[in-house]
Amino acid sequence: MSATRFNGWVGHDSTATQGNLKWETFSPKTFQDDDIEMNILYCGICGSDVMLLETAFGDNSNYPIVPGHEIVGQVTQVGQLVSNIKVGDYVGVGAESDSCLECDFCIAGRKQYCRQGHRPSCCSTFLRGSSKGEKTCGGFADTWRGPHQFAVKIPAKLDLAEAAPMFCGGVTVFSPLKQFGAGTTAKRVGIAGVGGLGHFAILFAKAMGADVTAISHSAHKKPDAEAMGATHFIETGTDPAAACAEHKQTLDLIICTTNGPEPPINEYLSLLAPGGHLVLVGIPEGGLPNINAFTLIAGNVHLGGSVIGDPTDIAEMLEFAAEKGIKPWIKKYKMSDVNEAIPDMKAGKAHYRFVLVNEHNGGKM
């Protein structure tokens, strides 16, 4: 019989990021025939976990919250409708854990754009069956339960702890890099922001065969960017227009990962050759600056965005990472030390991803 209570770290209000997560029991979703259950071994900490805990996505009724959406574990139970995953398999779940599975986007392998709305793996609700309306709960816990359609097997060549942050941070940049032809139609790729997402973007773009330019407001991350695979570096500094003018129309694709306020979007656009794309995956604080329409028109450049990726994208990314030997830069914390890890994440100490290790279930520090 399936358990009716799980154990995990729970945030009750916006002070959770100040070391106030509480280890408590919580109610998982009702187990359905298409569900799996796993013992959690590792869970990445994403910047959006901090945002979620502090804001509850703008709705106080979403508290209490069990955060974590870069979840890796070993399967302990499968529903009778599950045939592609078995007990004992190592799988991961990313930032989405349900969708309608019936709309044209879901059928086309773009579940993250489901017409009934994106369903985050924590602080949201399930859409289907007997668990419709029940709350999604994340990976800062001992156990995860949810639809098998959103769980992806992990290639044997990948380290499980290193795979964890790929389930959100990795696929968030892998998806647009693939979509916009990094290394093929887009030979010259710029990565704006050398942080958690940006470091993944540099690693993947380089492995795809692109000539990579890292773009940052200061030069202190240049050595790291070069070690990750960047061959060029643009320091925007206090005068982004002057810095970018020296590199006008030299890039085919830019992935903008920064969440900082007032990013120099118009200046980034000037770096694009005709037909180039600037794709936002970070969410700038305070929104975007005014975009000069003439920049778009005269330059024949395009501004857009992208969000996470479908489980099929995650599977492709994991196989690619295993084939190319891609290893993210991670620091491990014991699951029991989450109230140290979250404040460190908030303070910008991640270089470049944090991963919680559930030693109780067999995770390895």
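As annotated in an unreviewed UniProt entry, the protein is Alcohol dehydrogenase from Papiliotrema laurentii. UniProt, in its Cofactor (unreviewed entry) section for the protein, records the words "Zn(2+)". Quoted verbatim from the Sequence similarities (unreviewed entry) field of the UniProt record, the comment on the protein reads "Belongs to the zinc-containing alcohol dehydrogenase family."

### So, the overall build of the protein
Secondary structure summary: the protein contains eleven helices and 17 strands in total. Here the C-alpha radius of gyration of the protein, 20 Å, is about what a compact globule of 365 residues would show, namely 21 Å. Oriented by its inertia axes, the alpha-carbon framework of the protein measures out at about 65 × 40 × 40 Å. Counting the 365 residues in the protein, one finds 55% classified as buried. When the accessible area of the protein is evaluated, it comes to approximately 15000 Å², of which 50% is carbon and sulfur surface. Here the protein contributes 30 positive and 38 negative side-chain charges, whose respective centroids are spaced 3 Å apart.

### A word on the nonpolar core
Ranked by size, the top nonpolar core spans 54 residues in total, and within it Tyr42, Leu177, Ile202 and Phe204 carry the most contacts. Among the elements that line this core, the one with the most residues is helix H5 (residues 196-207), at seven residues. Each residue touching phenylalanine 204, except ones within four places of it in the same chain, is listed here: Gly170, Val173, Phe174, Leu177, Met317, Phe320, Ala321 and Ile326. One finds Val93, Cys122, Cys123 and Ile342 within the second-largest nonpolar core, a separate group that totals 40 residues.

### Section: the UniProt feature "domain: Enoyl reductase (ER)" (unreviewed entry) in the protein
UniProt's entry tags residues 16-356 with the feature "domain: Enoyl reductase (ER)" (unreviewed entry), counted in the numbering of this structure. Regarding residues 16-356, the helix share stands at 26% and the strand share at 25%, and the terminal C-alpha atoms are separated by 16 Å.

### A word on the packing of aromatic side chains
The tally for this structure, following the rule as stated, stands at eight aromatic pairs. One aromatic cluster in this structure is built from Phe174, Phe200, Phe204 and Phe320. One residue, lysine 29, lies across the ring of phenylalanine 126, its end atom 5.0 Å from the ring centre.

### Section: helix H4 (residues 169-179)
Within an α-helix, residues lying three or four positions from one another point in the same direction, as the helix has 3.6 residues per turn. With nine of eleven residues buried, H4 lies mostly within the body of the structure. The set of residues buried in H4 consists of Gly169, Gly170, Val171, Thr172, Val173, Phe174, Ser175, Pro176 and Leu177. Contacts from the buried residues of H4 go to strand S10 (188-192), H5, strand S13 (251-256), strand S14 (272-280), helix H10 (311-324) and strand S17 (353-357). The first or second residue beyond H4 is glycine 181, which carries a positive phi of 75°.

### With respect to the pattern of salt bridges
For the structure shown, the criterion picks out 15 salt bridges. For aspartate 89, the salt bridge goes to lysine 86, with nearest N and O atoms at 3.0 Å. Its salt-bridge partner being arginine 188, residue aspartate 252 comes within 2.9 Å of it at the nearest N-O pair. Of this pair, aspartate 252 sits in strand S13 while arginine 188 sits in strand S10, and the two are 64 residues apart along the sequence. Of the residues examined, aspartate 252 reaches a relative accessible area of 17% and is grouped as buried.

### Notes on the packing of H4 against H5
Across the interface, H4 lies against H5 with an axial gap of 8 Å and an inter-helix angle of 50°. As far as their axial angle goes, H5 and H4 are oblique. Helix-helix and strand crossings are classified by hand; for H4 and H5 the assignment is right-handed. The segment H4 lies against H5, with Gly169, Gly170, Thr172, Val173, Phe174 and Leu177 engaging Leu197, Phe200, Ala201, Phe204 and Ala205.

### Focus on helix H11 (residues 338-346)
Those residues of H11 that fall on the buried side of the exposure criterion are Val338, Ala341, Ile342, Asp344 and Met345. Viewed along the axis of H11, the buried residues span an arc of 165°, placing them on a single side of the element. If you follow the buried residues of H11, they end up packed against strand S1 (6-10), strand S3 (35-45), helix H1 (47-55), strand S16 (330-334) and S17. One or two residues past the end of H11 sits glycine 348, with phi positive at roughly 80°.

### Some remarks on the pairing of strand S12 (residues 232-235)
Relative to S12, strand S11 (residues 211-216) is paired through four bridges, and the arrangement is parallel. Bridging across to S12, serine 216 finds its partner in glutamate 235. Where the polypeptide runs from S11 across helix H6 (residues 222-228) and back to S12, its parallel neighbour, the crossover connection is right-handed.

About the cut-offs
Residues numbered from 1 in each chain as written. Predicted model: local features only at pLDDT ≥ 70, side-chain atom pairs only at ≥ 80, totals over all residues. Heavy atoms only, no water. UniProt positions renumbered as here; feature names shortened; annotations may be inferred. Helix = DSSP H or I, 4+ residues; strand = E, 2+ residues; numbered from the N terminus. Rg over C-alpha atoms; globule rule 2.2 N^0.38 Å. Buried < 20%, exposed > 50% of the residue type's maximum accessible area, 1.4 Å probe, protein only. Areas by Shrake-Rupley, 256 points an atom, 1.4 Å probe, with all protein chains shown as cover. Lys, Arg positive; Asp, Glu negative; His and termini not counted. Charge placed at Lys NZ, Arg CZ, Asp CG, Glu CD. Core = buried A, V, L, I, M, F, W, Y, C linked by side-chain atoms within 4.5 Å. Contact = heavy atoms within 4.5 Å. Phe/Tyr/Trp six-rings, centres within 6.5 Å; stacked < 30°, edge-to-face > 60°. Lys NZ or Arg CZ within 6 Å of the ring centre and 35° of its normal. Salt bridge = Lys/Arg side-chain N within 4 Å of Asp/Glu carboxyl O. Axes fitted to C-alpha atoms, helices over the stretch in contact; angles between N-to-C directions. Parallel < 35°, antiparallel > 145°, perpendicular 65-115°, else oblique. Left-handed = near helix turned anticlockwise from the far one by under 90°. Arc of directions from axis to C-beta. Pairing = 2+ DSSP bridges. Right-handed = clockwise from strand over helix to strand, strands pointing away.

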